[in-house]
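# Coordinates in review
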Amino acid sequence: MFSALSWPAIGSLVSGLISLAFIAYVWPYREEDGATLFMAMIGSIALWAVSYGVALLVFDPTLRFLLEIPIWVGTCFTSLLFLAFALEYTGRKDVVRSKAMAGLVALMVGFVGLIATNPWHQLVWQNYRIEPTFGAATVAHSNGAWLFLILLALMILTAGAVLTLIETFVSYGRLYRSQTLALALSPVPVIPGILLWVFQVGPTPYLNLAPLLFPAHLGLDMYAFFRRNMFELTPAARRTGDQTAIDDLGIGVIIVDDDQRVINANESAAAIVETSKPDFLGKSLDSIELDIDLAGDEQRIRHGESHQRDYAVTVSSIEDSADSTVGHTITLQDITTERQREQRLAVLNRILRHNLRNDLNVASGYLEVVADGTENDQYADMLETAKRNTDDVLELGEKARMVERTLETEEMGTEPIPVAKFVDHVADPLVDDHGGSVDNEVPADFAINTNRQLLESVLANLIENSLEHGGGTVTVGATTAGSTARIEISDSGDGIPEHELSVIEEGKETDLEHGSGIGLWLVEWGATALGGNVTYETGPEGTTATVELPDVVVEPTGDG
């Protein structure tokens, strides 16, 4: 019933033992994505190889046929587990847990059942008989249509796994390239042995060479495991991270292919188009009624049936390794609140610029005339106070206009500015209006390259604040640290009130804590727009405001 050991049997048994030893090395990584399925696949290979090795020793036809059952369990589930491993390893765990995968498991069980019951229906093969090869108990049979169908299904599963790994090889760059390529190529050495056996060609038509070729298969798997950190760097983390990042962005993201079909989207995008994500995928961009031009730059659209919202649209092309455009990423950011705020500010600015300013100018003029014409000193003082307050509101309006001019400029140009002369240009009219004096200690050859309008806004508000509240004498100096400029405005007053500075530091005003004007806000916004910052030091001897602007210092030319 049993023969002596032949080299085909020894080779097949050795392949099984190598597989089992490999599982022992992989076992510590069993918690990683794909590791359990990978070990299960190697276990199926071991079952296939060991069962075939034992079967080659058995010459009793009945017992020999019974050994076909574990052989085909290993054969069928090796392909299925290879596909399941490839899916989970590359971040598609949901597919592995799907009903479709359960259906494939049932299909494999059905194939094995069909083979186990073949003596009664002869659908898989006929004329099953032992035909020894090299002293091994190989068998010959006439292949039925179901055998070819089973092998075709297994080849399709294997091809699906290979394509899944190759897609990761192409998409995810160097980090996962070596291990995914090795894993994708691992079935290649085994396939010729199966094809020679199923078509009964070659010098050993009845010997299935696949188990003897498993060491080559395992060699590629071992390369991926031992040399390329196979389970320490898994593409599943990359794919899951990519999708999580898209889902957590808080804005709508739609990815379309080159034919403008939606191939991915997050839940925010599905909510925007008012449909479920599964129904959303696969649709054309035109069918979801988003008026988006893929060739456009910055776009704004209005969308929604029950509640219309405004969205800022950004379109980015997706290019492959050959720099060919293969799709586009579309982001949809809800700017409804922002746009409403812009509209409100525009209305308020118009009222402040035109209606309120014009009316207050008239009121200020009349107050001055009446104050000059009255002989009652008490009334004159009250009228003067009213005029002063009216002029303060007008000045506030002018600063509001400065906000519009300086901070809503889309493209700010820069130019070399001699700072000493510029300080005089800014300070002289302020001294005329408020009195006091400005001591300009900026070196004559000190120049910076920045935006003139924003710099004027920053310096004017700081100098004006110091003239009004700093004791009447202001000192302006400048130093450099490499290419960084520091401009200091110092006074000898009581300092900026703590609540004024805390409002700026916190970045917001409240009902209980707010500033008295917008001058310090203009300084803060202007310095930030210039790419710098402003700090304040207050003490018994006064206040020093330091404006720090990086990468703006212009080196002296040395021309005299």
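Above this text sits the structure in question.
Just so we're clear, the structure is a prediction, and the values are computed from it rather than from any experiment.

The full count for this structure, using the stated rule, is nine salt bridges. Between Asp33 and Lys93 there is a salt bridge, and its shortest N-O distance comes to 3.2 Å. Remark: Lys93 occurs in helix 5 (residues 93-96) and Asp33 occurs in the loop between helix 1 (7-26) and helix 2 (35-55); sequence separation between them is 60 residues. Classification of Lys93 by relative accessible area gives partly exposed; the value is 36%. Here Asp257 and Arg261 are joined by a salt bridge, their closest N and O atoms 3.0 Å apart. Residue class for Asp257 comes out buried when judged on its relative accessible area of 14%.

Taken in spatial order, the three strands make up an open sheet running 8-10-15, and their pairing is antiparallel. The sheet terminates laterally at strand 8 (415-418) and strand 15 (553-554), the two strands that pair on one side only. In the packing of helix 17 (residues 419-434) onto the sheet, contacts are made with strand 8 and strand 10 (447-450), and the angle to strand 8 comes to roughly 75°.

So, on to the packing of helix 17 against helix 18 (residues 452-469). Orientation of helix 17 relative to helix 18, taken along the N-to-C sense of each, is 40°, at an axis distance of 9 Å. Classified by the angle their axes make, helix 17 and helix 18 are oblique. When you trace helix 17 past helix 18, the crossing you get is right-handed. Here Phe422, Val423, His425, Val426, Ala427, Leu430, Val431 and His434 of helix 17 lie close against helix 18, whose contacting residues are Arg452, Leu455, Glu456, Leu459, Ala460, Ile463, Glu464, Leu467 and Glu468. By residue class, the composition of the contact of helix 17 with helix 18 is 11 nonpolar, two polar and four charged.

It is worth spelling out unusual backbone geometry at this point. Phi is positive for Gln122, close to 55°, though the residue is something other than glycine. Take Gln122: it is sitting in the loop between helix 7 (118-121) and strand 1 (125-130). We note that Gln260 has phi near 65°; this positive angle belongs to a residue other than glycine. Relative to the elements of secondary structure, Gln260 occurs in the loop between strand 3 (252-257) and strand 4 (262-265). Take Gln260: its relative accessible area is 31%, and that puts it in the partly exposed class.

Ranked by size, the top nonpolar core spans 67 residues in total, and within it Phe38, Trp72, Cys76, Phe85, Met230 and Phe231 carry the most contacts. Mapped onto this core, the elements with two or more residues apiece are helix 1, helix 2, helix 4 (68-89), helix 6 (99-116), helix 8 (145-171), helix 9 (174-185), helix 10 (191-198) and helix 11 (210-227). The leading source of residues in this core is helix 4, at 13 residues. With sequence-adjacent residues up to four places away left out, Phe85 is seen in contact with Gly34, Leu37, Phe38, Leu183, Met230 and Phe231. One finds Ile417, Leu459, Ile487 and Ile489 within the second-largest nonpolar core, a separate group that totals 36 residues.

Glancing now at the sheet that holds strand 11 (residues 473-481). With mixed pairing, five strands are arranged side by side in an open sheet as 9-11-12-14-13. Strands at the two margins of the open sheet, each flanked by one partner only, are strand 9 (437-440) and strand 13 (533-539). Neighbour-to-neighbour, the strand axes of the sheet open up by a mean angle of 20°, direction not taken into account. Pairing analysis gives six bridges linking strand 12 (residues 484-491) to strand 14 (residues 542-549), with the strands arranged antiparallel. Counted as the bridge partner of Ile489 is Ala545 from strand 14. Lying on the sheet, helix 18 is in contact with strand 9, strand 11, strand 12, strand 13 and strand 14; it crosses strand 12 at an angle near 20°.

Right, let's get into a negative patch on the surface. Residues Glu368, Asp372, Asp381 and Glu384 make up a contiguous surface patch of negative charge. With respect to the helices and strands, the residue Glu384 is situated in helix 16 (residues 377-407). With a relative accessible area of 40%, Glu384 lands in the partly exposed category.

Moving on: the packing of aromatic side chains. Scanning all chains against the criterion turns up 15 aromatic pairs. Measuring from ring centre to ring centre gives 5.9 Å for Phe148 and Phe199, while their planes differ by 35°; the resulting arrangement is tilted. Taken together, the positions of Phe148 in helix 8 and Phe199 in the loop between helix 10 and helix 11 put the pair 51 residues apart, joining distant regions of the chain. Pairing Phe225 with Phe226 gives two aromatic rings, centres 4.8 Å apart and planes at 85°, and the pair type is edge-to-face. The exposure class of Phe226 is partly exposed, given its relative accessible area of 44%.

Bringing the environment of Ala312 into the picture now. As for its placement among the helices and strands, Ala312 is situated in strand 6 (residues 309-319). In the structure, Ala312 is positioned 22 residues away from Asp334 in sequence and 6.5 Å away in space, judged by C-alpha atoms. Once residues lying within four places of it in the same chain are set aside, the contact partners of Ala312 are Gln299, Thr331, Leu332, Gln333 and Ile335.

Further remarks concern helix 10. Every buried residue of helix 10 is listed here: Gly193, Ile194, Trp197 and Val198. Down the axis, helix 10 shows its buried residues gathered within 125° of arc, on one side only. Packed against the buried residues of helix 10 are helix 2, helix 4, strand 2 (139-143), helix 8 and helix 11. Positive phi appears at Gln200, one or two residues downstream of helix 10, with a value of about 50°.

This part covers a nonpolar patch on the surface. A cluster of nonpolar side chains, Leu123, Trp146, Leu149, Leu152 and Ile156, forms an exposed patch at the surface whose accessible area comes to about 460 Å². Structurally, Ile156 can be placed in helix 8. With relative accessibility at 53%, the residue Ile156 sits in the exposed group.

What counts and what doesn't
Each chain has its residues counted from 1, running along the sequence as written. The predicted origin of the model limits local features to residues at a pLDDT of at least 70 and limits the giving and counting of side-chain atom pairs to 80 or more, whereas totals for whole chains, interfaces and linings rest on all residues. Computation of side-chain values: all heavy atoms of the structure, hydrogens and water removed. One side-chain nitrogen of Lys or Arg within 4 Å of one carboxyl oxygen of Asp or Glu is enough to make a salt bridge. Secondary structure elements are defined from DSSP: runs of H or I of at least 4 residues count as helices, runs of E of at least 2 residues count as strands, and each element is numbered from the N terminus. For each residue, the accessible area found with a 1.4 Å probe, counting protein chains only, is set against the maximum for its type, and the residue is called buried under 20%, exposed over 50%, and partly exposed in between. Here a strand pair is declared whenever DSSP counts at least two bridges between the two strands. Residue contacts are counted whenever heavy atoms from the two residues lie within 4.5 Å of one another. Helix axes use the C-alpha atoms of the stretch in contact, all axes being lines fitted to C-alpha atoms, and the angles between their N-to-C directions lie in the range 0 to 180 degrees. Note that the term roughly parallel is reserved for angles under 35 degrees, roughly antiparallel for angles over 145, roughly perpendicular for angles of 65 to 115, and oblique for everything else. In this scheme the handedness of a crossing depends on how the near helix is turned from the far one: anticlockwise by less than a right angle means left-handed, clockwise means right-handed. Each residue gets one label: Ala, Val, Leu, Ile, Met, Phe, Trp, Tyr, Cys and Pro are nonpolar, Asp, Glu, Lys and Arg are charged, and the others, such as Gly, are polar. Among the buried residues, those of types Ala, Val, Leu, Ile, Met, Phe, Trp, Tyr and Cys that are joined through side-chain atoms within 4.5 Å form a nonpolar core. Candidate patch residues must exceed 30% relative accessible area and have no salt bridge, after which like charges are joined if within 9 Å and Val, Leu, Ile, Met, Phe, Trp or Tyr side chains if within 5 Å. Values of accessible area rely on a 1.4 Å probe in the Shrake-Rupley scheme; residue burial ignores everything except the protein chains shown. Positive charges come from Lys and Arg alone, negative charges from Asp and Glu alone, with His and the N- and C-terminal ends not counted. Every charge is mapped onto a representative atom, which is NZ of Lys, CZ of Arg, CG of Asp or CD of Glu. Pairs were defined over the aromatic rings of Phe, Tyr and Trp, the Trp ring being its six-membered one, requiring ring centres within 6.5 Å. Orientation was assigned from the angle between planes: stacked under 30 degrees, edge-to-face over 60, tilted for the rest. Directions drawn from the helix axis to the C-beta atoms are what define this arc.

Any link to function would need more than the numbers given here.
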